[in-house]
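So you can see what is in the structure, the chains are spelled out below.
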Amino acid sequence: MPRVNRTVVLSLLIVSSCVFLLFQLYYYRNYVTRSGPHILSQTGHLTASDIQWQTVKKFLALAQHFRLPLFLADTAALTLLSQDALRQRDRQTREPHCSFLCTDRPITSFALQANLWKHNANFLLAAEQKGFELLQVRGEDPRLASLDTLSGEEIPLHFLFRLHGYIIHVVFLYERSGNYLWHGALRLKANMDRSFAPFKLLDYGRHTGAYDRPKLVLTVLDGLDIRIPHNITRFLSEQRHAHFLECRYREARTFLQLYPEDSSPAAVDFRRNAKSLLHIAARTLAGLDIPFWLSSGTCLGWFRQCSVISYSRDVDIGIFIVDFKSDIVAAFKKAGLLLKHKFGKADDSLELSFVSGDVKLDIFFFYEEGDIVWNGGTQAKSGRKFKYIFPRFSLCWTELLELKVRVPCETLDYVTANYGTTWSIPVRSWDWKSSPSNVQENGVWPPAEWEELIQVY
Ligand SMILES: *[C@@H]1O[C@H](CO)[C@@H](O)[C@H](O)[C@H]1NC(C)=O
């Protein structure tokens, strides 16, 4: 064998051993230090959690390649993660390599920030080539809906990828004009496969939902790079109360055809001031961590005409008395509002009014009692008390005047309790002591307590 050839063979051997060494290093980095499952368990069989882990890993590799702006939104996985400190001991009995992503459900949910992603059909193709089956759910784009136009355009709302019996649920989050994120409901069309996934177990899709834009962090979970909400506790609590109601634009349009919007300068002014006041109220109460909802006329305005009632002259909100904090008055004053009156006390009929310019903000505190909820009213000059009774309700998100705000989810019941079955007919002369259909006389404050319980500024 010629001498030259021997050198060539030798170099080739050296090069190939280097390559092999690098491969080993790479393998070591990926499968050992990252503590993922070994390809086969001791018995040589894949366990359920190995399969779930590998399905997630495969999906995340694809998502990374196509730059999907994803974050982990799975309530079961995030709950395990949020209780991490408490579970340190407990966790050793769980699958050591997959302690967070392998939940006892055959589903892992991710949220996709749709505004950051350019839809790429190659992604779906690549997913199919990797063996994933896909179910796409599309729906109307609510961002185009308003009083002027009703949406017709369809956008992707949910993707479900299935592999080896595991589901990766991708929920599309869209930016709405009130500066929050929205996802659609998951509604299967007639021709869709109802057995594709255990739909009842999904975290997202039973309703539409609204979220604040979460701050995210990149972390390594069970050896996989994943973005998660920075404050998991806050995200999970938002998730439990995310139910969103779209305004009834179709009905509002019909209403406005019958009763056109007042376009006088005074009405336009009022709407602008009411919007600014509502934004101040939302910011101030968010700072105190106090949930509130649109009440009385402001709720009716949203429900009936997707707007504020321009002749109402005030903004009405409700707060559960259990959420009352005494620094609320100071906080509103700091935000530039003047206290106009304070009626009642924390354990009976509390009501606060503030003014900003010539718009009044009425804050009614609600008391829960058995299967009803009530708020009080006080007539300053006579000390007479009134009580307004509502059926119990839960709170949902909606949008009004470019703000994400809460309303009673059972809005029709709420509005009907307050305004009767003729709520859809505008009434300009309204007496808060006699007009509401749910008002009741509730005695008189003892004169000795007037000074404390009837404060007018
Ligand atoms: C996370 O959010 C909760 C609830 O909103 C809050 O009480 C807590 O302080 C937050 N934690 C951090 C670390 O920001």
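This section reports on the structure supplied with the text. Not measured: the values here are computed from a predicted model. (Residues numbered from 1 in each chain as written. Predicted model: local features only at pLDDT ≥ 70, side-chain atom pairs only at ≥ 80, totals over all residues.)

**Some remarks on unusual backbone geometry**
Okay, so step 1: The phi dihedral of D289 is positive, around 65 degrees, even though this residue is not glycine.
Okay, so step 2: For D289, the position within the fold is in the loop between helix 8 (265-287) and strand 10 (293-294).
Okay, so step 3: In the Ramachandran plot, E402 falls in the positive-phi region, its phi being about 60 degrees despite a non-glycine side chain.
Okay, so step 4: Checked against the element boundaries, E402 lands in the loop between strand 17 (395-400) and strand 18 (403-408). (Helix = DSSP H or I, 4+ residues; strand = E, 2+ residues; numbered from the N terminus.)

**Here's the deal with the environment of A281**
Okay, so step 1: Position of A281 relative to the elements: it lies in helix 8.
Okay, so step 2: Taking the number of C-beta atoms within 10 Å as the measure of exposure, A281 has 22 and is therefore buried.
Okay, so step 3: Distance from A281 to F292, taken between C-alpha atoms, is 9.3 Å for residues 11 residues apart in sequence.
Okay, so step 4: The residues touching A281, leaving out its near neighbours within four places in the chain, are I317 and L361. (Buried ≥ 20, exposed ≤ 12 C-beta atoms within 10 Å, placed from the backbone. Contact = placed C-beta atoms within 7 Å.)

**A look at the environment of I290**
Okay, so step 1: You can see I290 is positioned in the loop between helix 8 and strand 10.
Okay, so step 2: Along the primary structure I290 and V322 are separated by 32 residues, whereas in three dimensions their C-alpha atoms are 9.7 Å apart.
Okay, so step 3: The contacts of I290, once residues within four sequence positions are left out, are L285, I319, D323, K325 and I328.

**Section: the pairing of strand 16 (residues 384-391)**
Okay, so step 1: One ladder, built from 7 bridges, connects strand 15 (residues 372-378) with strand 16; its direction is antiparallel. When the sheet's bridge partners are listed, N375 is paired in strand 16 with Y388.
Okay, so step 2: In this antiparallel pair of consecutive strands, strand 15 and strand 16, the connection spans 5 residues, and G383 shows a positive phi of 75 degrees.
Okay, so step 3: Relative to strand 19 (residues 439-444), strand 16 runs antiparallel, the two sharing 4 bridges. Bridging across to strand 19, K387 finds its partner in Q440. (Pairing = 2+ DSSP bridges.)

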